[in-house]
Amino acid sequence: MRIHDVLNSKSSHQVITISPQATVRDLIALLATHNVGALIVSHDGESVEGIVSERDVVRRLNEHEGVLETSVAEIMTSTVRTCAGDEDLNDLMQVMTEHRIRHVPVVTDGKLTGIISIGDVVKNRIGELEFERDQLDSYVHQI
């Protein structure tokens, strides 16, 4: 299975981005509004300048409470692992596991086209296993 197959199965294809100059308070509001765990940091909605997650916020809040008024650029991860839509999903699962990352932006021709979360990967894998189980069950009952 390819990454674009998983993207196509998602109910929403919208990728929520946030400006690097936005405040962490703005970030928290967007995370809550869209019920997501991470946002892509981008000044134009197409480039990937970073990624910022709930975990980044929590870690920085532990360091100092004033983080809510700092910019997203100060807490984001700027070295971002990305993938292409035509890559194999199993390869992405390996990367996510090895590097302990939960969100990977999908980039096509240098432009942001989607985001894959660990939840998307797990949901897809469960669907595959259920399909295989149903096929085996059908085969066994035909005999």
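A few points on the structure. (Residues numbered from 1 in each chain as written. Predicted model: local features only at pLDDT ≥ 70, side-chain atom pairs only at ≥ 80, totals over all residues. Heavy atoms only, no water.)

### Considerations on the sheet that holds strand 2 (residues 38–41)
Okay, so step 1: Spatially, the three strands line up as an open sheet ordered 1-2-3, and their pairing is mixed. Because the sheet does not close on itself, it has two edges, and the strands there are strand 1 (17–18) and strand 3 (50–53).
Okay, so step 2: Where strand 2 lies against strand 3, four bridges are found, and the strand directions are antiparallel. Within strand 3, the residue paired with L39 across the bridge is V52. (Pairing = 2+ DSSP bridges. Helix = DSSP H or I, 4+ residues; strand = E, 2+ residues; numbered from the N terminus.)

### Remarks on the layout of surface pockets
Okay, so step 1: Of the pockets and cavities examined, the largest pocket occupies roughly 440 Å³.
Okay, so step 2: If you go around the largest pocket, you meet 19 residues; those closest to its centre are S53, R100, I101, R102 and H103.
Okay, so step 3: Listing elements by their share of the lining of the largest pocket, those giving two or more residues are strand 3, helix 3 (54–63) and strand 4 (103–108).
Okay, so step 4: Ranked by residue count, the leading element in the lining of the largest pocket is helix 3, at four residues.
Okay, so step 5: By residue class, the composition of the lining of the largest pocket is seven nonpolar, five polar and seven charged.
Okay, so step 6: Lining the second largest pocket are 17 residues, and of these K10, Q14, H34, V36 and I115 sit closest to its centre.
Okay, so step 7: By residue number, the principal contributor to the lining of the second largest pocket is strand 2, which donates three residues. (1 Å grid on protein atoms, 1.4 Å probe; cavity = no way out; pocket = protein on both sides within 12 Å on 5 of 7 lines; lining within 4 Å. Points joined across faces, edges and corners; volume = space filled by probe spheres on them. Nonpolar A, V, L, I, M, F, W, Y, C, P; charged D, E, K, R; others polar.)

### A few points about a nonpolar patch on the surface
Okay, so step 1: On the surface, a cluster of nonpolar side chains totalling about 230 Å² of accessible area is made up of I118, V122 and I126.
Okay, so step 2: Structurally, I118 is set in helix 5 (residues 118–142). (Patch = residues over 30% accessible without salt bridge, like charges linked within 9 Å, V, L, I, M, F, W, Y side chains within 5 Å. Areas by Shrake-Rupley, 256 points an atom, 1.4 Å probe, with all protein chains shown as cover. Salt bridge = Lys/Arg side-chain N within 4 Å of Asp/Glu carboxyl O.)

### Observations regarding unusual backbone geometry
Okay, so step 1: Phi at R100 takes a positive value of approximately 55 degrees, unusual for a residue other than glycine.
Okay, so step 2: Within the fold, R100 resides in the loop between helix 4 (89–99) and strand 4.
Okay, so step 3: Here the phi dihedral of D109 falls at roughly 50 degrees; this positive angle occurs in a residue that is not glycine.
Okay, so step 4: According to the relative accessible area criterion, D109 is exposed, its value standing at 76%. (Buried < 20%, exposed > 50% of the residue type's maximum accessible area, 1.4 Å probe, protein only.)

### Some words on helix 2 (residues 24–34)
Okay, so step 1: Of the positions making up helix 2, those classed as buried are V24, L27 and L31. Seen from one end, helix 2 has its buried residues packed into an arc of 50 degrees, which puts them on one side. For helix 2, the exposed residues lying more than 90 degrees away from the buried face are A32 and T33.
Okay, so step 2: Buried-residue contacts for helix 2 involve strand 1, strand 2, strand 3 and helix 3.
Okay, so step 3: Residue N35 follows helix 2 closely and has a positive phi angle near 55 degrees. (Arc of directions from axis to C-beta. Contact = heavy atoms within 4.5 Å.)

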